[in-house]
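Here are the chains, one letter per residue:
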Amino acid sequence: MSFTLAKTERLAAILSQSPVIPVLTFEDAASGVETAKALRDGGLKVLEVTLRTPASMEALKAIIDEVEGVTVGAGTVLEVEHVQDAVRVGAAFLISPGSSSRLLAAGSEAPVPFMPGVATASEAMQLAERGATFAKFFPAGPAGGPDYLKALVAPLPDLHFVPTGGITLKNAQDYLAVRNVAAVGGSWVAPTDAIRNGDWATIRALAEEAAALKAR
Ligand SMILES: O=C(O)C(=O)C[C@H](O)[C@H](O)COP(=O)(O)O
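Remember, it's a predicted structure, so these values are computed and weren't measured experimentally.

**Q** What is the right way to look at the pairing of strand β1 (residues 20-24) in this model?
**A** Along a regular strand, successive side chains alternate from one face of the sheet to the other. Counting buried residues along β1, five of its five residues qualify, which places the element largely inside the surrounding structure. Residues Val-20, Pro-22 and Leu-24 point to one face of β1 and Ile-21 and Val-23 to the other, with burial holding for every one of them. Relative to strand β9 (residues 184-186), β1 runs parallel, the two being bridged by three bridges. Residue pairing for β9: Pro-22 is matched across the bridge by Gly-186. Relative to strand β2 (residues 46-50), β1 runs parallel, the two being bridged by two bridges. Note that in β2 the partner of Val-23 across the bridge is Glu-48. The β-α-β motif built from β1, the intervening helix α2 (residues 29-42) and the parallel element β2 has right-handed crossover chirality.

**Q** Sorry if this is basic, but what is going on with the packing of α2 against helix α3 (residues 56-66) here?
**A** When two helices pack together, their arrangement is given by the angle between their axes and by how far apart the axes lie. Two elements in contact, α2 and α3, have axes whose closest approach is 8 Å; the angle formed by their N-to-C orientations is 45 degrees. Between α2 and α3, the interaxial angle falls into the category oblique. Regarding α2 and α3, the two cross each other, and that crossing is right-handed. Across the interface between the two elements, Ala-29, Gly-32, Val-33 and Ala-36 from α2 touch Glu-58, Ala-59, Ala-62, Ile-63 and Glu-66 from α3.

**Q** How should I be thinking about the sheet that holds strand β7 (residues 134-137) in this particular structure?
**A** The pairing of strands in a sheet happens through backbone hydrogen bonds and is either parallel or antiparallel. A sheet is described by the order of its strands in space; here three strands give the open sequence β6-β7-β8, paired in parallel fashion. Both outer strands of the open sheet, β6 (117-118) and β8 (160-163), are each paired with one neighbouring strand and no more. Pairing between β6 and β7: two bridges, direction parallel. The residue bridging Val-118 from the neighbouring strand is Phe-137, located in β7.

**Q** Hey, could you run me through the packing of aromatic side chains in this one?
**A** Two numbers describe a pair of aromatic rings. These are the distance of the centres and the angle of the planes. With the rule as written, the count across this model stands at two aromatic pairs. Arranged with centres 6.4 Å apart and planes meeting at 15 degrees, the rings of Phe-3 and Phe-114 form a pair that is stacked. Here Phe-3 is found in the segment before α1 (5-15), whereas its partner Phe-114 is found in strand β5 (residues 114-115), with 111 residues between them in sequence. You'll find Phe-3 and Phe-114 in the same group, each marked buried. When the ring of Phe-137 is compared with that of Tyr-148, the centres are 5.6 Å apart and the planes differ by 10 degrees; the resulting orientation is stacked. Highlighted residues: Phe-137 in strand β7 and Tyr-148 in helix α8 (residues 145-153), separated in sequence by 11 residues. With a relative accessible area of 29%, Tyr-148 lands in the partly exposed category.

**Q** Got a minute to help me understand helix α4 (residues 80-89) in this structure?
**A** Since there are 3.6 residues in each turn of an α-helix, residues three or four apart along the chain are aligned in direction. Of all the positions in α4, only His-82, Val-83, Ala-86 and Val-89 are classed as buried. Each buried residue of α4 lies within a common arc of 145 degrees when the element is viewed along its axis, so the set occupies one face. Opposite the packed face of α4, turned more than 90 degrees from it, sit the exposed residues Glu-81 and Arg-88. Buried-residue contacts for α4 involve α3, β3 (71-75), β4 (94-95) and α5 (101-109). In the segment just after α4, Gly-90 is the residue with positive phi, at about 105 degrees.

**Q** Looking at this structure, I do not really get unusual backbone geometry. What am I missing?
**A** Peptide bonds are trans in most cases, and residues, glycine excluded, mostly fall at negative phi. For the bond from Phe-138 to Pro-139, the omega torsion is -10 degrees, close enough to zero to count as cis. Following the sequence through the fold, Pro-139 ends up in the loop between β7 and α7 (140-143). Of note, the phi angle at Thr-76 is positive, near 55 degrees, even though the residue is not glycine. Along the polypeptide, Thr-76 turns up in the loop between β3 and α4. Within the chain, Asn-180 stands out as a residue other than glycine whose phi angle is a positive 65 degrees. Take Asn-180: it is sitting in the loop between α9 (169-176) and β9.

What counts, and where the lines are drawn
Residues numbered from 1 in each chain as written. Predicted model: local features only at pLDDT ≥ 70, side-chain atom pairs only at ≥ 80, totals over all residues. Heavy atoms only, no water. Buried < 20%, exposed > 50% of the residue type's maximum accessible area, 1.4 Å probe, protein only. Helix = DSSP H or I, 4+ residues; strand = E, 2+ residues; numbered from the N terminus. Pairing = 2+ DSSP bridges. Right-handed = clockwise from strand over helix to strand, strands pointing away. Axes fitted to C-alpha atoms, helices over the stretch in contact; angles between N-to-C directions. Parallel < 35°, antiparallel > 145°, perpendicular 65-115°, else oblique. Left-handed = near helix turned anticlockwise from the far one by under 90°. Contact = heavy atoms within 4.5 Å. Phe/Tyr/Trp six-rings, centres within 6.5 Å; stacked < 30°, edge-to-face > 60°. Arc of directions from axis to C-beta.

Okay, here's the thing in structure tokens:
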């Protein structure tokens, strides 16, 4: 099991590029490419493509192959197969909502950084024991929001978090103000309707607002 220093540093560098990581779900590759361009043009250059839809792997690959100036990773990584497939198409990082032991083994051995999810002190401690430095905090809102995260971070000073789940432009800054929050994740910057309607101007405008948020 290896959360190596090199991969940790790579993840830190990726997360430091942007206060907000769009969490993206696509029905087809073409809308993925256009959404990625709109987000990039609005200033959000680190993107997470969730592996939730039949077209997700194709969309992930199309963005990696066709959109310049973005760093693209895979989200909703739940299975060992997801790790292998995402790495094969060139994902720059892997994110999971949780941290099952099989996935931890496969993800931490992947050649790219892997960020598992946690929601409790025990889960966070188990990750720290395995050498992880970064964790997704999921589902951030329902789990207890910025106050809960502040309490979680207090006794675990070496772990850094990317809260995701229920985050919006309105509350993002409250999460970003918590110590050791590297960035926040959220789908609000690329709403399903805007993607379906090809409303790239709206996505770009939402990205511009989000990119103006400040990480600590
Ligand atoms: O798909 C995953 O891997 C997840 O962990 C869930 C997503 O991160 C959230 O669904 C995004 O949350 P919202 O911004 O509230 O839509």
